[in-house]
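Next come the chains, spelled out residue by residue.
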Amino acid sequence: MRAPFRLVFEQRSETPKYLAAVVPIASVVAALFIGVIFLFATGYSPWETYSNMFQDGFASSTGITDTLGMSTVLICTAVAAAFAFQMNLYNIGGEGQLYMGMLASTWAGLALGPHLPTFVMIPVVMIIGALAGALWILIPAYVRSRLGTSEIVTTLLLTYVAANFINHYIYTSGSYFRAPNTMFPQGRLVADSARLDPFGTTNLYPTFFFVVLLALFLYWLVKKTEYGYKIQVISDSPRAAKYAGINANRTTLSVMLISGALAGLGGAMLIVGPVGRLDPGITALGYGYAGIVIAALARNNFSAIIVSGILFAGLRTGGEKLQISTDTPIHIGVMLQGAILLFALGGEAFRRYRIKTIRTKVVAQ
Amino acid sequence: MSSTSHEVAQGPHHSGGAAPSALSAHSIVKRFPGVLANDNVNFDINAGEVHTLLGENGAGKSTLAAMLCGLYQPDSGYILRNGERISLPSPRAGLQHGIAMVHQHFKLVERFSVAENVVLGSRDLNFRIDRNTIDEKVAAVAESYGLPIDPTAVVGELSVGQRQRVEIVKALYQGAEILLLDEPTAVLVPAEVEKLFENVRAMTAAGKSIVFISHKLGEVVEISDRVTVLRNGQVTGHVTGKGSANTKELAKLMVGRDIDLAPQRASHPIGHEILQIRDVSLTLNGVDVLSNISFNVHAGEMVGIAGVAGNGQRELADTIAGLISPTSGSVSIGGAMSTDKGPIHARELGLAYVPEDRLGVGLVPSMSILDNLLLTRDRDFVVDRASLQPEASRLIDQYEIKANGPEHVARKLSGGNAQKVLLARELSGGRTATKLLVVCSPTRGLDVGAIETVRRVLDDARSAGQAILLISEDLDEILSLSDRVFVIYRGAIVHETPGETADLATVGAAMAGLSSTTSEGHN
């Protein structure tokens, strides 16, 4: 006996515009639904949990400023990831580049901070952080552009090296970066001149507006300039690029370096903003990895990243506060992130294919 | 699959109790999103005959063939095999009814031997494969249809023609009585086409039916017992009787209007030398790809380079275009050296280049027509698309490109329209006015209508005094258009002849490496 119908994937000749918005939203909804199952299974009330999360993430005044503050670095690491992804270069080592950006800008804050005023220090710290991120991706970028070595493996592995660098400087006694006389190992705070003040008593820093402008600038760069044009040609057909005399190796190198610099900049923003020192907890937060998810959710569109970055930050701040107020594990937020990525990637199938059910005919007509 | 096969009472054919057709399709309708691919199509074939499906790209001939072999299912209509209704939910079901398709793009495992490829997918294999037995069985099948082939040869080392023969042997081995050959000659050189036609005749003599799918009129006339012409999914004509079709009539049925594929070789003045190639040799990865090539192309002259694919044509074109630096020798365009200076420099000297691969090399598939026009032009840092808009619209009109405007994405253009965009860009000049046009396989895979346009564009460019280097595997095209013809074989020019007096047989022999002058060219 045959099934009364079968499913057929039919390639779409054209992707309807509305799906560009529907697929990410549906991914989030589907992920929340999966979350419901887990919350039920572990004995928490899904409705209460979600409404608390929403309240703490978006609806309260501290919630929204915390979320926007949290989104600052996430948007930065997301544009870092998207900048490489759009050229089919998979820099998944944004996490490591962020660590190195953090390390270098901490050094700048400690070493130069006492001698320079704030309006000089802030740009200096950010530039040094970005340069460190670019430096950390230099080797993967070079071997990728010259030899075609997989950047996925090299950038990922260098993240572990970067994590150990950070830990080394925090945990080694007598380290330049380590705060003296603390019970638990902790980094030394950078000079005040290397830090920005938040708005009032919130956790929102001016860097948020900077990063929004940065995302819009990148959008313009890719859509309207000759550099963006080259990126599009190379990512679609490298042979057409060669035909037109476009140097793909050089563009590959520069795109990866910029991607690394953006991730490093994210690290610098942690220093000038909320953190201000090498913090042993940083390696648990996964800003770089979250950036990959946010970029995927926004399909590497730089203006959409602003929205998906804020959404993601809301899930995080909501999840964190949940743990404090209701003792729901913080991991529900992390789990939702993973589920959203999974559905966002799976949702691509709906953009490319139409799914039809076909009744199986028993006898033709 | 239902085993209930109905006797169809209302069968429209076989009046007077004649034997039913080996295979027939009745009132076939097939829709794809936005397209009516087959509109009430009828088709039938008898044992031992060659029945050709002729039509332009998109006319619906491949769709019909796909339904005859079980790859697609019709939306309505029915198929009879020896007068009995059959349903073909899959190609395997087609095979069970003795129907097999030989695809244009071969589906062979290159690392396997001929015999291994032939038996691949057959269900009567044991867990342990006895090579000697299958080799013998495959050789026996091949031999019985006059298709000699070494069963132990590795497919990856075979020529295209031989690979095609493997596909045919595979279909026969699987018990095919009806073979559908999808554009089988598209990949073959003239000598191989002859051999294929011999095989087709041997198979029909043995009672097999051949559905021949093509848009090459000359071949269709030569091989077919009957021809069915399709246009826009409908049957527009039948011609019965071997040799009774003529190409002009078929072209008209196919396109719907009169067609002239060989523009008059207008008498035009030939000017000074534009392209000069001196002793160009090229060695890639230790292989001599080009050896000691020297020739000139003059203003107002079209020089054709004939040859079987893979004899260095692509590399020669790339070398002239500045994409490859020759190992030795020099190229100059308009009197200025362009060797080793890259593609942008060559274009600044007046080069225009239409590469063999339209989408992926000549055009960026995901980009709009407008952005593709920018590919070979100077671009400011902030790309000024607005000012190019009027020119893009004008070119779309001038070259009769079927598109929704300059924003139409290249990927969604038909082959003919993509080629027109490419020609429009290259001939409209970007950096400097075009002096030299290098075109590779400009009409491959195009509709008859588009072929006519492309050839006219090339002819106009020549009349306007541009030097044209035409590199093509289509010998008819080379001979009907070129002022001078060169034959390239293993990277060397082995034969030269004026276009008007060129002899098809001599040029064909030179392409196959049989020319008497071959020895002097290389090594």
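Before any of the text, the structure's been laid out above.
Cut-off values and rules
- Each chain carries its own residue numbering, running from 1 in the written order of its sequence.
- Here chains are named by letter from A upward and ligands by number from 1 upward, in the order in which they appear as written.
- The predicted nature of this model means local features are confined to residues of pLDDT at least 70 and side-chain atom pairs, given and counted, to a pLDDT of 80 or more, with totals for whole chains, interfaces and linings taken over all residues.
- Computation of side-chain values covers all heavy atoms of the structure but excludes hydrogens and water.
- Under the DSSP-based scheme used, a helix requires at least four consecutive residues in state H or I and a strand at least two consecutive residues in state E, with every element numbered from the N terminus.
- Here the globule rule is a power law, 2.2 Å times the number of residues to the power 0.38, and the radius of gyration is based on C-alpha atoms.
- Here the accessible surface of atoms and residues is derived via Shrake-Rupley with a 1.4 Å probe, and residues count as covered only by protein chains that are part of the display.
- We call two residues contacting when some pair of their heavy atoms lies within 4.5 Å.
- Accessible surface is computed with a 1.4 Å probe, and the buried area is the amount of it that two parts give up when combined, taken over both parts together.
- Within this document, salt bridges are pairs made up of a side-chain nitrogen of Lys or Arg and a carboxyl oxygen of Asp or Glu, the two lying within 4 Å of each other.
- Gly counts as polar in this scheme, as do all residues outside two lists: the nonpolar Ala, Val, Leu, Ile, Met, Phe, Trp, Tyr, Cys and Pro, and the charged Asp, Glu, Lys and Arg.
- Summary of the burial criterion: residues with accessible area below 20% of their type's maximum are buried, those above 50% are exposed, and those between are partly exposed, where the area comes from a 1.4 Å probe applied to protein chains only.
- Should DSSP find at least two bridges between two strands, the strands are taken to pair.
- To get an axis, fit a line to the C-alpha atoms, keeping to the stretch in contact for a helix; angles then go from 0 to 180 degrees between the N-to-C directions.
- Throughout, nonpolar core names a set of buried Ala, Val, Leu, Ile, Met, Phe, Trp, Tyr and Cys residues whose side chains join them through atoms within 4.5 Å.
- Residues qualify for a patch when their relative accessible area is over 30% and they have no salt bridge, like charges being joined within 9 Å and the nonpolar side chains of Val, Leu, Ile, Met, Phe, Trp and Tyr within 5 Å.

1. Remarks on the overall build of chain A
Tallying secondary structure elements over chain A gives 14 helices and two strands in all. The C-alpha radius of gyration of chain A comes to 23 Å, within 12% of the 21 Å expected for a compact globule of 365 residues. Overall, the C-alpha framework of chain A stretches about 85 × 60 × 35 Å when taken along its three principal axes. Within the structure as shown, chain A displays about 17,400 Å² of accessible surface, and the carbon and sulfur contribution to it stands at 67%.

2. Some points on the interface of chain B and chain A
Residue-level contacts link 39 residues of chain B with 27 residues of chain A. Between chain B and chain A lies a buried interface of about 2,600 Å² when both sides are counted; carbon and sulfur atoms form 53% of it. The interface formed by chain B and chain A holds two salt bridges in total. When the shortest N-O distance is used, the salt bridge between D357(B) and R239(A) registers 2.5 Å. Listing elements by their share of the side of chain B that touches chain A, those giving two or more residues are α10 (342-348), α11 (369-373) and α13 (415-427) of chain B. Taken together, the residues of the side of chain B that touches chain A sort by class into 18 nonpolar, nine polar and 12 charged.

3. Overview of the pattern of salt bridges
For the structure on display, the rule yields 27 salt bridges over all chains. The salt bridge involving E151(A) is made with R144(A); its shortest N-O contact spans 3.0 Å. Judged by relative accessible area, R144(A) falls into the partly exposed class, the value being 27%. A salt bridge links E391(B) to R377(B); the nearest nitrogen and oxygen atoms lie 3.2 Å apart. Note that E391(B) is positioned in helix α12 (residues 389-398) and R377(B) in the loop between α11 and α12, a separation of 14 residues in sequence. The exposure class of R377(B) is buried, given its relative accessible area of 10%. Salt bridges sharing partners connect three or more residues here, namely R239(A), R314(B), E356(B), D357(B), R444(B) and E473(B).

4. Quick notes on the sheet that holds strand β18 (residues 467-472) of chain B
Either a parallel or an antiparallel arrangement is found when strands of a sheet pair, and the pairing is made through backbone hydrogen bonds. All names here are of chain B. With mixed pairing, six strands are arranged side by side in an open sheet as β16-β17-β18-β13-β19-β20. In this open sheet, the two strands that pair with only one neighbour each are β16 (351-354) and β20 (492-498). On average, adjacent strands in this sheet sit at an angle of 15° to one another, irrespective of strand direction. Two elements, strand β17 (residues 436-440) and β18, share five bridges in a ladder whose sense is parallel.

5. Side note on the nonpolar core
F83(A), L275(B), F295(B) and L469(B) are the most contacted members of the largest nonpolar core, which has 179 residues in total. Apart from residues lying up to four places away in sequence, L469(B) is in contact with L275(B), F295(B), V297(B), V303(B), I305(B), I320(B), L437(B), V438(B) and V439(B). In this structure, V50(B), I134(B), L250(B) and M254(B) belong to the second largest nonpolar core, which totals 48 residues.

6. Topic: a nonpolar patch on the surface
Residue and element names in this part refer to chain A. A surface patch of nonpolar side chains, amounting to about 560 Å² of accessible area, comprises Y90, I152, V153, L157, Y160 and Y289. Take the nonpolar patch: its biggest share by element is four residues, from helix α6 (residues 151-171). Its location among the elements puts Y90 in the loop between α3 (61-85) and α4 (94-111). Given a relative accessible area of 34%, Y90 falls into the partly exposed group.

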